[in-house]
Amino acid sequence: IELLDARIPIASRNPDIQEITKGKKKIIVLNKTDLAEENETKKWIQYLKNKGIPAVMVDSNNGKGINELVREIDKIMEEDLNKIANKGRIGRTIRVMVLGIPNVGKSSFINRISKKTSAIVGNKPGVTKQKQWIKVSDHIELLDTPGVLWPKFQNEKIALNLAYTGTIKDDVIDKEEITFYLLKYLLKYYPENLCNRYKLEKKEIEEILNNEEQDENINILDIMDLIGKKRGAIVSGGRVDNQKVANILLDDFRTTKLGKITLEKVK
């Protein structure tokens, strides 16, 4: 089972895992579906199935999709188990390795599928430190593994998406710069979410974005300042505290206060 973040199915897929698991029976789990747009997640599921890859939507917080996943495991292994049974070997356990990058929700997923707190859960990436087997049912066992990021990202967009979602730890990124690019994306694809959350006027936003007298990036910074003023992120002298605005925007995105948002969509 390879767990991906439903918001970033491309960026959360470690290319090393794809290479290591080549030729193995595999199910893709789009986890954290409670944070992503449902219609976009369904498109990704269909996209993967069209490529012959079994895929399931899962929300580990409420257990949605877990039963479907267990049925998919049984379905994929049915032929192999029948062959083994025909040779007189019955009661064989299906052993499944769970793979995924840090912060993709492996521990929460395993706790939900095993119906008990068997894996350590934390709100920081990289909580699982060692491999451990977890019994899911009388015939299925899962092997949890530590999440591992690959050493070099393919492009800047992947790195940014991993930073937005908290996969790259906040203490190694420039939050203000990351938030600038996140805001730029949200203004393009989710302007209403921003207006609703920060009580912005759509007309005012459009006027700032369409201001051709200054650079586009300055226009984005002006909107960032506007959000800061709306949220009271002001320091002495009436200046907007950009660091505080960055914290507010990132937190609101990660906790769905800005709504369900998908950063990577099927083309």
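Residues numbered from 1 in each chain as written. Predicted model: local features only at pLDDT ≥ 70, side-chain atom pairs only at ≥ 80, totals over all residues. Heavy atoms only, no water.

(A) Up close: the overall build of the protein chain. Looking only at helices and strands, the protein chain has ten helices and six strands in total. Looking at the 267 residues of the protein chain, the share that counts as buried comes to 45%. Looking at the protein chain as shown, the accessible area adds up to about 14800 Å², and 47% of this sits on carbon and sulfur atoms. A distance of 8 Å separates the average location of the 47 positive side-chain charges in the protein chain from that of its 39 negative side-chain charges. (Helix = DSSP H or I, 4+ residues; strand = E, 2+ residues; numbered from the N terminus. Buried < 20%, exposed > 50% of the residue type's maximum accessible area, 1.4 Å probe, protein only. Areas by Shrake-Rupley, 256 points an atom, 1.4 Å probe, with all protein chains shown as cover. Lys, Arg positive; Asp, Glu negative; His and termini not counted. Charge placed at Lys NZ, Arg CZ, Asp CG, Glu CD.)

(B) Region of interest: the sheet that holds strand β4 (residues 94–98). An order of β4-β6-β5 is seen for the three strands of this open sheet, with the pairing classed as mixed. Two strands bound the open sheet, and with one partner strand each, they are β4 and β5 (132–135). Looking at each pair of strands side by side, their axes are set apart by 25 degrees on average, direction ignored. Sheet contacts for helix α4 (residues 106–113): β4, β5 and β6 (140–144); angle to β6, the most-contacted strand, approximately 165 degrees. (Pairing = 2+ DSSP bridges. Axes fitted to C-alpha atoms, helices over the stretch in contact; angles between N-to-C directions. Contact = heavy atoms within 4.5 Å.)

(C) Spatial organisation of the environment of Ala 55. Locating Ala 55 in the fold gives a position in strand β3 (residues 55–57). Owing to a relative accessible area of 3%, Ala 55 belongs among the buried residues under this scheme. Put simply, Ala 55 and Ile 1 are 54 residues apart on the chain and 9.5 Å apart in space, counted from C-alpha to C-alpha. Residues in contact with Ala 55, not counting those within four places in the same chain, are Ile 28, Ile 45, Leu 48 and Lys 49.

(D) Summary view of the packing of aromatic side chains. The tally for this structure, following the rule as stated, stands at four aromatic pairs. Ring geometry for Phe 180 against Tyr 181: centres 5.2 Å apart, planes inclined by 85 degrees, an arrangement best described as edge-to-face. Exposure remark for Phe 180: the relative accessible area of 10% places this residue in the buried category. Ring centres 6.3 Å apart and planes at 40 degrees place the aromatic pair Tyr 185 and Tyr 190 in the tilted group. Considered together, Tyr 185 and Tyr 190 belong to a single accessibility category, that of buried residues. Arg 95 extends its terminal NZ or CZ atom over the ring of Trp 133, reaching a point 3.7 Å from the ring centre. (Phe/Tyr/Trp six-rings, centres within 6.5 Å; stacked < 30°, edge-to-face > 60°. Lys NZ or Arg CZ within 6 Å of the ring centre and 35° of its normal.)

(E) Looking closely at unusual backbone geometry. Of note in this structure, Lys 32 is not a glycine but carries a positive phi near 60 degrees. Structurally, Lys 32 can be placed in the loop between β2 (28–31) and α2 (38–50). For Lys 32, a relative accessible area of 16% translates into the label buried. Of note in the backbone geometry, Lys 199 takes a positive phi value of approximately 55 degrees without being a glycine. Relative to the elements of secondary structure, Lys 199 occurs in the loop between α7 (191–198) and α8 (202–209). Since its relative accessible area comes to 64%, Lys 199 is described here as exposed.

(F) Layout of the confidence of the model for the protein chain. With 92% of its residues at a pLDDT of 70 or more, the protein chain shows a mean pLDDT of 89. Under a pLDDT of 50 for its full length, residues 119–124 has, in the predicted model, 15 contacts with residues more than four places off or in other chains. (pLDDT = per-residue confidence, 0-100.)

(G) Here's a closer look at the pattern of salt bridges. Scanning the entire structure with this criterion turns up 16 salt bridges. Note that Asp 80 and Lys 25 form a salt bridge whose closest N and O atoms lie 3.1 Å from each other. Residue Asp 80 is found in helix α3 (residues 66–86), and its partner Lys 25 is found in the loop between α1 (15–20) and β2; the two are separated by 55 residues along the sequence. Residue classification places Lys 25 among the partly exposed residues on the basis of a relative accessible area of 49%. Lys 175 is the partner of Asp 170 in a salt bridge, and the nearest nitrogen-oxygen pair spans 3.7 Å. (Salt bridge = Lys/Arg side-chain N within 4 Å of Asp/Glu carboxyl O.)

(H) Local environment of the sheet that holds strand β1 (residues 2–5). Here three strands make up an open sheet; going across it, the order is β1-β2-β3 and the pairing parallel. Of all strands in the sheet, those with a lone pairing partner are β1 and β3, marking the two edges. Between one strand axis and the next, the sheet turns through 25 degrees on average, direction left out of account. Running over the sheet, α2 touches β2 and β3 and is turned about 165 degrees from β3.

(I) Seen up close, a negative patch on the surface. A surface patch of like charges, here negative, comprises Glu 156, Asp 174, Glu 176 and Glu 177. Residue classification places Asp 174 among the partly exposed positions, given a relative accessible area of 44%. (Patch = residues over 30% accessible without salt bridge, like charges linked within 9 Å, V, L, I, M, F, W, Y side chains within 5 Å.)

(J) Spatial organisation of the packing of α8 against helix α9 (residues 216–230). One way to put it is that α8 packs onto α9 with a least axis distance of 8 Å and a crossing angle of 150 degrees. Here α8 lies roughly antiparallel to α9, going by the angle between them. Every residue of α9 that contacts α8 at Glu 204, Ile 205, Ile 208 and Leu 209 is listed here: Asn 219, Ile 220, Asp 222, Ile 223 and Leu 226. Among the residues making up the contact of α8 with α9, the classes are represented as six nonpolar, one polar and two charged. (Parallel < 35°, antiparallel > 145°, perpendicular 65-115°, else oblique. Nonpolar A, V, L, I, M, F, W, Y, C, P; charged D, E, K, R; others polar.)

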